[in-house]
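Take a look at the letters that make up each chain.
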Amino acid sequence: MKMKRAFRTSLLSLTIALSLIVSACSSNGGAANSSTSDSNSPGTVQTTPSNGQSDGASNGDGSSNSADDGQSAAPSSPSGSSDTGNGASPNTAATPVSTAVPITEVTALRLADAKAGWIGGSGQIAYTKDGGSHWQLQYRGSAKVRQIFALNASKVWAVLGSDESKSWRIIRSTDGGAHWKDAGTVPSGSFLHFTSDKVGFAGRYMTKDGGATWSKLSVPNSLIGEVYYHDAANGWAVQSAKGKYNFLHTSDGGATWKTVMTRKSDVTPTGSVIRSAGKNDAWIELIGDSGMTQTSYALFHTTDGGANWLPAIVHNTAGAGPAPGFTNEDTSYFSGNSGGPGELYVVNSQTAFMGGRCMACDNANSIMETTDGGKSWAVRKTEFAGYGQQLIAAADAKHAWLITNDYSAASVLYTTVDGGKKFNTIHKFAKPKTAQ
């Protein structure tokens, strides 16, 4: 009897132990399965808009210029999905843009901070949070991505459309690009920038509802290039006059324009680029003639509302003649280091990056930086290949990104953490189809 009782006791103990082991294994397995099946985890992407929207979803709701704009930290975990217009967001595994949906020409660049930013190209928008090493697709359509502007790490706009368009479509994201919605159209292809989540500017046009509708602002006559409004009150313009040009400023929303500089010029400027990092700050670039793969230009800077102007760059050339407002005998100014101007990117009133373009050189792209408002420039020795569009963006005086494009080679992203003393090759995108 004692042996039978002992046997039953041992058998019961063994049964309980086995039950506990099975229960523990089932619990652990359930946790693992729950983790892997979470479709809302970061790193998911929907690459194809639904409901017949070729350029993304539409459900109808929708810098100061300086890195041009006080941008903060990047989104911590964007989902990478595009808005479908009906609330549905099917997900598939995210992969780098360069292999998933090839971007063969980068046409737009914008940073949120030194590590995070967006690119546009080939009808797509992609996002990185690790300095450009890896990209996640956030939007795909058919229209060219012309511009991207980020007010901060969450609120982002993109301008879409062809070069021949008379108005351009705007899409907007309020979650760092995880979802995009139609925001309206803009009647100007000029530089787009927002000063709040509702108020934005593009040349002579202003929106107060995030891009849904636009009103026309007052501008002077005989403009060279497009007017630039820093905010609703303060704007800048370049005016052509016989044998001279004028810089104009308004501080009352265009009701009145004041001539703040007049300069005689044998060369009529062919264009202008204006950027501003404050209501009294303006960087004005004047483009001169072109010839023998060279282009002349001049860059001016003011920090006191136009009372005083610094000729920051005067690029006279043998092939294209003197910069507007100067002669080839004016050799006392800093002249840059390339055949012509590249992209101008203003970080703040003291810091700006200026690209250079030399179409007759083996490496067509160069870059230089000022950290004292244009009084002096650090010309970087590194030169970069690529005869297509040049794109520059910067988070601060040390952290800058350069993207070069080429018609027969891959677009390349280079970044620097020391103001351009050294650039690192971070990412090569897909080759154009003609170069495959």
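Going by the structure above, here's the rest.
Definitions and cut-offs
Per chain, residue numbering runs from 1 following the sequence as it is written. Reporting of local features is limited, given that this is a predicted model, to residues whose pLDDT is at least 70; pairs of side-chain atoms are given and counted only at 80 or more, and all residues count toward the totals for whole chains, interfaces and linings. Each side-chain value is derived from all of the structure's non-hydrogen atoms; neither hydrogens nor water enter the calculation. Numbering goes from the N terminus for both helices and strands, where a helix is a DSSP run of H or I of at least four residues and a strand is a run of E of at least two. Each residue gets one of three labels from its accessible area relative to the maximum for its type: buried under 20%, exposed over 50%, partly exposed in between, using a 1.4 Å probe on protein chains only. For the accessible areas, the method is Shrake-Rupley and the probe is 1.4 Å, while residue cover comes only from the protein chains on display. A 3.5 Å cut-off defines polar contacts: any pair of N or O atoms within that distance qualifies, except that in protein one atom must be a possible hydrogen donor and the other a possible acceptor, and neighbouring residues in sequence count only when both atoms are side-chain atoms. Contact between two residues is taken to exist if any of their heavy atoms lie within 4.5 Å; hydrogens are not considered. For two strands to be treated as a pair, DSSP must find no fewer than two bridges joining them. Axis definition: a line fitted to C-alpha atoms, over the contacting stretch in the case of helices. Angles run 0 to 180 degrees between N-to-C directions. Only buried residues count toward a nonpolar core, which is a set of Ala, Val, Leu, Ile, Met, Phe, Trp, Tyr and Cys residues joined through side-chain atoms within 4.5 Å. Put simply, the grid is 1 Å and covers the protein atoms alone, a cavity is a trapped set of points that fit a 1.4 Å probe, a pocket is an open set with protein on both sides within 12 Å along at least five of seven lines, and lining residues have an atom within 4 Å of a point. Grid points are joined across faces, edges and corners, and a volume is the space filled by probe spheres set on the points. For this classification, the nonpolar set comprises Ala, Val, Leu, Ile, Met, Phe, Trp, Tyr, Cys and Pro, the charged set comprises Asp, Glu, Lys and Arg, and every other residue, Gly included, is treated as polar. Any carboxyl oxygen of Asp or Glu within 4 Å of a side-chain nitrogen of Lys or Arg constitutes a salt bridge here. Two rings belonging to Phe, Tyr or Trp (six-membered ring only in the last case) form a pair when the distance between their centres is within 6.5 Å. Interplanar angles under 30 degrees mark stacking, angles over 60 mark edge-to-face geometry, and anything in between is tilted.

Overview of the overall build of the chain
A count of helical and extended segments in the chain gives 2 helices and 30 strands. Here the chain holds 436 residues, and 49% of them are scored as buried. Accessible surface, the chain as shown: approximately 19200 Å² in total, 51% of it carbon and sulfur.

Focus: unusual backbone geometry
Most peptide bonds are trans, and most residues other than glycine sit at a negative phi. Of note in the backbone geometry, Ser-122 takes a positive phi value of approximately 55° without being a glycine. A positive phi angle, close to 55°, is found at Met-292, a residue other than glycine. For Met-292, the location among the structural elements is in the loop between strand 20 (281-291) and strand 21 (294-302). In this structure Met-292 comes out as exposed when scored by relative accessible area, which is 68%.

Quick look at the side chain of Asp-231
Relative to the assigned elements, Asp-231 resides in the loop between strand 15 (228-229) and strand 16 (235-241). Within the local environment of Asp-231, its side chain forms a polar contact with the backbone nitrogen of Ala-233, the two atoms lying 2.9 Å apart. Within the local environment of Asp-231, its side chain forms a polar contact with the backbone nitrogen of Asn-234, the two atoms lying 2.7 Å apart. Contact partners of Asp-231, with chain neighbours within four places excluded, come to Phe-201 and Lys-279.

A look at the side chain of Thr-370
By secondary structure assignment, the location of Thr-370 is in strand 25 (residues 365-370). Other than its neighbours up to four places away in sequence, Thr-370 contacts Trp-283, Gln-350, Thr-351, Ala-352, Lys-375, Ser-376 and Trp-377.

A closer look at the sheet that holds strand 28 (residues 400-404)
Strand order in the open sheet formed by 4 strands is 27-28-29-30, with antiparallel pairing between adjacent strands. Because the sheet does not close on itself, it has two edges, and the strands there are strand 27 (390-394) and strand 30 (424-428). The sheet shows a mean angle of 20° between the axes of neighbouring strands, taken without regard to direction. Pairing geometry for strand 28 and strand 29 (residues 412-416), over 5 bridges, is antiparallel. Counterpart to Ala-400 in the pairing with strand 29 is Thr-416.

Some points on the nonpolar core
If you look at the biggest cluster of nonpolar residues, it comprises 25 residues, and the most contacted ones within it are Val-106, Leu-109, Ile-119, Trp-135, Phe-353 and Ile-403. For this core, the elements supplying multiple residues, two or more each, are strand 3 (108-111), strand 27, strand 28 and strand 29. Listed in part, the 18 residues of the second largest apolar core include Tyr-228, Met-261, Leu-286 and Phe-326.

Quick notes on the pairing of strand 4 (residues 117-121)
Across the 5 residues that make up strand 4, a large majority, 5, are buried. Burial along strand 4 is two-sided: the residues Gly-117, Ile-119 and Gly-121 and Trp-118 and Gly-120 are all buried. Pairing geometry for strand 3 and strand 4, over 4 bridges, is antiparallel. Paired with Leu-111 across the bridge in strand 4 is Gly-117. What sits between the antiparallel neighbours strand 4 and strand 5 (residues 124-128) is a turn of 2 residues, in which Ser-122 has the positive phi angle 55°.

Remarks on empty space enclosed by the protein
What the largest cavity holds in volume is close to 40 Å³. In terms of lining residues, the largest cavity is bounded by Tyr-297, His-315, Ser-335, Gly-336, Asn-337, Ser-338, Gly-340, Met-354, Gly-355, Gly-356, Ser-366 and Met-368. Those elements giving two or more residues to the lining of the largest cavity turn out to be strand 24 (352-357) and strand 25. Top contributing element to the lining of the largest cavity by residue count: strand 24, with 3 residues. Residues belonging to the lining of the largest cavity are distributed by class as follows: 3 nonpolar, 9 polar and no charged.

Some words on the pattern of salt bridges
Per the stated rule, a full pass over the model turns up 6 salt bridges. A salt bridge links Asp-163 to Lys-144, with the shortest nitrogen-to-oxygen separation between them at 3.3 Å. Residue Asp-163 is located in the loop between strand 8 (156-160) and strand 9 (168-173), and its partner Lys-144 is located in the loop between strand 6 (136-140) and strand 7 (145-150); the two are separated by 19 residues in the primary sequence. Here Asp-163 falls in the exposed class, since its relative accessible area comes to 52%. For Asp-182, the salt bridge is made with Arg-169, and the minimal N-O distance between the two is 2.5 Å. On the criterion of sequence distance, the pair formed by Asp-182 in strand 10 (residues 181-186) and Arg-169 in strand 9 is long-range, its members being 13 residues apart. Bridged by salt links that share partners, the residues Lys-144, Arg-146 and Asp-163 form one connected network.

Focus on the sheet that holds strand 15
To summarise the sheet geometry, strands pair through backbone hydrogen bonds and adopt either a parallel or an antiparallel arrangement. Pairing within the open sheet is antiparallel, and its 4 strands lie in the order 15-16-17-18. At either end of the open sheet lies a strand with only one pairing partner, and these are strand 15 and strand 18 (258-264). Where strand 17 (residues 244-250) meets strand 18, 6 bridges bridge the pair, whose relative direction is antiparallel. By the bridge assignment for strand 18, Phe-247 is matched with Met-261.

Considerations on the packing of aromatic side chains
On inspection of all chains with the given rule, the structure shows 16 aromatic pairs. Look at Trp-135 and Phe-429: their rings are 6.0 Å apart centre to centre, the planes differ by 55°, and that puts the pair in the tilted class. One end of the pair, Trp-135, is in the loop between strand 5 and strand 6; the other, Phe-429, is in the segment after strand 30, and 294 residues separate them in sequence. Assessed through its relative accessible area of 4%, Phe-429 is described here as buried.

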